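Structural overview for review
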Amino acid sequence: MSDSFSIRPLRPSDAPAYRDLRLEALQSSPEAFGSSYEEEAPLSLETIAARTPTSGPNAIFGAFAADVLIGMAGFAVYERLKTRHKGVMWGVFVKPEWRKQRVGQALVRQVIDHASRHVIMLEAAVGLTNESARRTYHGLGFKPYGIERKAIRVSDVFHDEELLYLDLPQPKGA
Ligand SMILES: CC(C)(COP(=O)(O)OP(=O)(O)OC[C@H]1O[C@@H](n2cnc3c(N)ncnc32)[C@H](O)[C@@H]1OP(=O)(O)O)[C@@H](O)C(=O)NCCC(=O)NCCS
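Worth saying up front: this structure is predicted, and the values here are computed from it rather than measured.

**Description of the sheet that holds strand S3 (residues 68–77)**
Strand-to-strand pairing in sheets goes through backbone hydrogen bonds, with the strands running parallel or antiparallel. Pairing is mixed in the open sheet, where 7 strands are placed in the order S1-S2-S3-S4-S5-S7-S6. Two strands lie at the open edges of the sheet, namely strand S1 (6–9) and strand S6 (143–154), each paired on one side alone. The sheet shows a mean angle of 25° between the axes of neighbouring strands, taken without regard to direction. Contacts from helix H4 (residues 103–115) reach S1, strand S2 (59–65), S3, strand S4 (86–94), strand S5 (121–127) and strand S7 (157–167), with the element oriented near 30° to S3. In this fold helix H5 (residues 131–139) packs onto S4, S5, S6 and S7, with an angle of close to 160° to the strand it touches most, S5.

Shown next as structure tokens:
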């Protein structure tokens, strides 16, 4: 990893920085996320802090440069008994001025490393025309298994998504 940034799980006390970056992501790349700026902008800091995982397998990882949050990537495990061997990576975003410096790659690596301690399958979905994200995910071993047509609608434009999976080794002792 570059010396210029470091990665750690976000805590409830990171809520102000997390909200700013999340809203920047939703506003600047609406086609890349299922959530929308309109839905999340009204959320209070208390709600956001309460949603920040503090225990269990779910996590939001933040990339920090000189204590400023410059990127993030989330991980969540499916909850039901028959699906909780699978997790999903969500909300991957790097501030524009920090792109192409391997921050995204480091965040996704961190999610993979963390996921491999909890699940045997990691899923992700990426816009079919989102070359930077596709290249990042494919480069770290994610494989396409299908295309969801019209997965995201932004205003009157529909966006297809490539569905991806990454097989992970069975965690020790599982
Ligand atoms: C996708 C995103 C997180 C990548 O972050 P990043 O820090 O720029 O990525 P990295 O610097 O780690 O680059 C990883 C790979 O992607 C490639 N890449 C990065 N930006 C690229 C671009 N604009 N076009 C083509 N390839 C690109 C890099 O060359 C590298 O590939 P390589 O290993 O083959 O050289 C960032 O572009 C982003 O936040 N985009 C907007 C939000 C988004 O689309 N999120 C994904 C939702 S699924």
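**Things to note about the site of the ligand**
Within the structure, the ligand sits among 19 residues, and Val92, Lys100, Arg102, Gly104 and Asn130 are positioned closest to it. Take Asn130: an N or O atom from its side chain is 2.7 Å from an oxygen atom of the ligand. In the complex, the protein chains occlude 80% of the 920 Å² of accessible area that the ligand would expose alone. Broken down by secondary-structure element, the contributors of at least two residues to the shell around the ligand are S4, H4 and H5. With 5 residues, H5 is the largest single contributor of residues to the shell around the ligand. Partitioning the shell around the ligand into residue classes produces 8 nonpolar, 7 polar and 4 charged.

**Digging into the packing of aromatic side chains**
In the structure shown here, the tally under the stated rule is 2 aromatic pairs. Between Tyr137 and Phe142, the ring centres sit 5.8 Å apart and the planes meet at 50°, which makes this aromatic pair tilted. Like Tyr137, the residue Phe142 is buried in the burial classification. Over the ring of Tyr78 we find Lys86, and its NZ or CZ is 5.2 Å from the ring centre. Between the NZ or CZ atom of Lys150 and the centre of the ring of Phe158, over which it lies, the distance is 5.4 Å.

**A word on a positive patch on the surface**
Judged by side-chain charge, Lys100, Arg102, Arg109 and Arg135 come together as a positively charged surface patch. Position of Lys100 among the secondary structure elements: in the loop between S4 and H4.

**Observations concerning the side chain of Glu161**
Among the structural elements, Glu161 can be located in strand S7. No salt bridge is formed by the buried Glu161; its nearest oppositely charged neighbour, Arg134, is found at 11 Å. Those residues in contact with Glu161, other than ones at most four positions away along the chain, are Ala125, Val126, Gly127, Leu128, Gly146, Ile147, Glu148, Ala151 and Ile152.

**Some thoughts on the pattern of salt bridges**
One pass over the full model with this rule turns up 8 salt bridges. Two residues, Lys95 and Glu24, come together in a salt bridge whose shortest N-O distance is 2.8 Å. Placement of Lys95 in the loop between S4 and H4 and of Glu24 in helix H1 (residues 15–28) is noted, with a sequence separation of 71 residues between them. The class for Lys95 is buried, based on a relative accessible area of 17%. According to the relative accessible area criterion, Glu24 is partly exposed, its value standing at 24%. Via salt bridges that share partners, Glu131, Arg134 and Glu162 belong to a single interconnected network.

**Structural notes on the side chain of Glu123**
With respect to the helices, strands and loops of the structure, Glu123 is situated in strand S5. Buried within the structure, Glu123 lacks any salt-bridge partner; Lys86 is the closest side chain of opposite charge, at an N-O distance of 4.0 Å. One polar contact links Glu123 to Tyr78, side chain to side chain, over a distance of 2.6 Å. In contact with Glu123, other than residues within four places in its own chain, are Tyr78, Lys86, Gly87, Val88, Met89, Phe142, Leu164 and Tyr165.

Definitions and limits used
- Residues numbered from 1 in each chain as written.
- Predicted model: local features only at pLDDT ≥ 70, side-chain atom pairs only at ≥ 80, totals over all residues.
- Heavy atoms only, no water.
- Pairing = 2+ DSSP bridges.
- Helix = DSSP H or I, 4+ residues; strand = E, 2+ residues; numbered from the N terminus.
- Axes fitted to C-alpha atoms, helices over the stretch in contact; angles between N-to-C directions.
- Contact = heavy atoms within 4.5 Å.
- Near = heavy atom within 4 Å.
- Polar contact = N/O pair within 3.5 Å; in protein donor to acceptor, adjacent residues only side chain to side chain.
- Areas by Shrake-Rupley, 256 points an atom, 1.4 Å probe, with all protein chains shown as cover.
- Nonpolar A, V, L, I, M, F, W, Y, C, P; charged D, E, K, R; others polar.
- Phe/Tyr/Trp six-rings, centres within 6.5 Å; stacked < 30°, edge-to-face > 60°.
- Buried < 20%, exposed > 50% of the residue type's maximum accessible area, 1.4 Å probe, protein only.
- Lys NZ or Arg CZ within 6 Å of the ring centre and 35° of its normal.
- Patch = residues over 30% accessible without salt bridge, like charges linked within 9 Å, V, L, I, M, F, W, Y side chains within 5 Å.
- Salt bridge = Lys/Arg side-chain N within 4 Å of Asp/Glu carboxyl O.
- Lys, Arg positive; Asp, Glu negative; His and termini not counted.
- Charge placed at Lys NZ, Arg CZ, Asp CG, Glu CD.

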